[in-house]
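# Chain and residue survey
Each chain is listed here by its residues.
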Amino acid sequence: MGTLGNVLLIVVSICTFVSYFPQILKCLITKRGEDLSIWSWGLWVVSSLSYTLYAILCTDTVMLIVETSLELTFCLIILICAIVFRDKNKKIKVVTICGSMKFQKEMKEIANKLELKNGFCVIQCTYGLSAPNENDKRQLAFLHEKKIDISDAIYVVNINGYIGESVKQEIAYAKSHGKKVIYHENEKRSTNER
């Protein structure tokens, strides 16, 4: 391969590094792999491996072997990141907070932590208003069920194990609709008698 061929392989190697390295760095820093397609990166690994084997078996061009090996290495690293950093809980993204209004201050703090530390999108229902009348209670209960419908899970704020009647109904509703139920405190401590 002539000088032009070597120059082109150097350009390809630099472009390979520049294109793959930021993705690898992002993956390693954020430790997230949800936005990476395992199938696509798997195919790129197979493609890069085939090209590398071709370069080794069918050519004697060192630069081609180096470039294809570099691309294969980067594709493998990104595929491994996509697998290792995949969310194990199958991406619970939207959660509705369920709990007694006497814990509304705590629910706001918990919602903040769930969003900042867990990356959840939290639907809250703390209003800080006076006690609703019976019609308003029914309307709020109906709307709360709609919030549960659009959620992946509910997060039950059961401080000191307390779960009131309304929250028990919300848990039953969530379970009957296939939603995951996450308890703030151990579920076994929870009762509605406190």
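Heads up: these notes are all about the structure in this document. None of these values were measured; they are calculated from a predicted model. (Residues numbered from 1 in each chain as written. Predicted model: local features only at pLDDT ≥ 70, side-chain atom pairs only at ≥ 80, totals over all residues. Heavy atoms only, no water.)

## Some words on the overall build of the chain
Regarding its fold elements, the chain presents six helices and four strands. Start at the N end of the chain and walk to the C end: the helices and strands fall as α-α-α-β-α-β-α-β-α-β. Looking at the chain as a whole, 37% of its 194 residues qualify as buried. For the chain, restricting intrachain contacts to residue pairs at least 6 apart in sequence, the fraction spanning at least 24 positions comes to 73%. Of the roughly 12200 Å² of accessible surface on the chain, a fraction of 61% belongs to carbon and sulfur atoms. (Helix = DSSP H or I, 4+ residues; strand = E, 2+ residues; numbered from the N terminus. Buried < 20%, exposed > 50% of the residue type's maximum accessible area, 1.4 Å probe, protein only. Contact = heavy atoms within 4.5 Å. Areas by Shrake-Rupley, 256 points an atom, 1.4 Å probe, with all protein chains shown as cover.)

## Overview of the nonpolar core
Soluble globular proteins tend to bury their nonpolar side chains together. Grouped together as the largest cluster of nonpolar side chains are 15 residues, with contacts concentrated most on Ile97, Leu114, Val122, Tyr155 and Val157. Among the elements of the structure, strand E1 (94–99), helix H4 (104–118) and strand E3 (153–157) are those that each provide at least two residues to this core. With four residues, H4 is the largest single contributor of residues to this core. Excluding its chain neighbours within four sequence positions, the residues that come into contact with Leu114 are Val95, Ile97, Gly119, Phe120, Val122 and Tyr155. Counting 14 residues, the second largest nonpolar core, distinct from the first, contains Cys27, Trp41, Leu72 and Ala82. (Core = buried A, V, L, I, M, F, W, Y, C linked by side-chain atoms within 4.5 Å.)

## Points about H4
Across its 15 residues, H4 extends 20 Å between first and last C-alpha, which sits within 8% of the 21 Å expected from 1.5 Å per residue. Of the residues one or two after H4, Gly119 is the one with positive phi, at around 75°. (Expected span 1.5 Å × (residues − 1).)

## Side note on the sheet that holds E3
The strand order across the open sheet formed by four strands is E2-E1-E3-E4, and the pairing between neighbours is parallel. In this open sheet, the two edge strands, each paired with only one partner strand, are strand E2 (121–123) and strand E4 (180–183). If you compare each strand with its neighbour and ignore which way they point, the axes differ by 30° on average. Across the face of the sheet, H4 comes into contact with E1, E2 and E3 while running at roughly 160° to E1. Running at roughly 145° to E1, helix H5 (residues 134–149) makes contact with E1, E2 and E3 of the sheet. (Pairing = 2+ DSSP bridges. Axes fitted to C-alpha atoms, helices over the stretch in contact; angles between N-to-C directions.)

## A short note on the pairing of E3
Among the five residues in E3, five count as buried, and that is most of the element. The side-chain alternation of E3 yields two buried faces, one formed by Ala153, Tyr155 and Val157 and the other by Ile154 and Val156. In the sheet, E1 pairs with E3 via five bridges, with the strands oriented parallel. Across the sheet, residue Ile97 finds its bridge partner in E3, namely Tyr155. Here E3 runs beside E4; their pairing, made up of four bridges, is parallel. Residue Ile154 lies in a different strand from E4, and its bridge partner there is Val181.

## Some words on the packing of helix H1 (residues 3–30) against helix H3 (residues 62–84)
Their axes nearest at 10 Å, the elements H1 and H3 cross at an angle of 15°. Judged by the inter-axis angle, H1 sits roughly parallel to H3. For the element pair H1 and H3, the recorded crossing hand is left-handed. Across from Asn6, Leu9, Ile10, Val12, Ser13, Thr16, Phe17, Tyr20, Gln23, Ile24, Cys27 and Leu28 in H1, the residues of H3 making contact are Met63, Leu64, Glu67, Leu70, Glu71, Phe74, Cys75, Ile77, Ile78 and Cys81. (Parallel < 35°, antiparallel > 145°, perpendicular 65-115°, else oblique. Left-handed = near helix turned anticlockwise from the far one by under 90°.)

## Remarks on the side chain of Asn158
Checked against the element boundaries, Asn158 lands in the loop between E3 and helix H6 (165–176). According to the relative accessible area criterion, Asn158 is buried, its value standing at 0%. A polar side-chain atom of Asn158 sits 2.8 Å from the main-chain amide nitrogen of Glu185. (Polar contact = N/O pair within 3.5 Å; in protein donor to acceptor, adjacent residues only side chain to side chain.)

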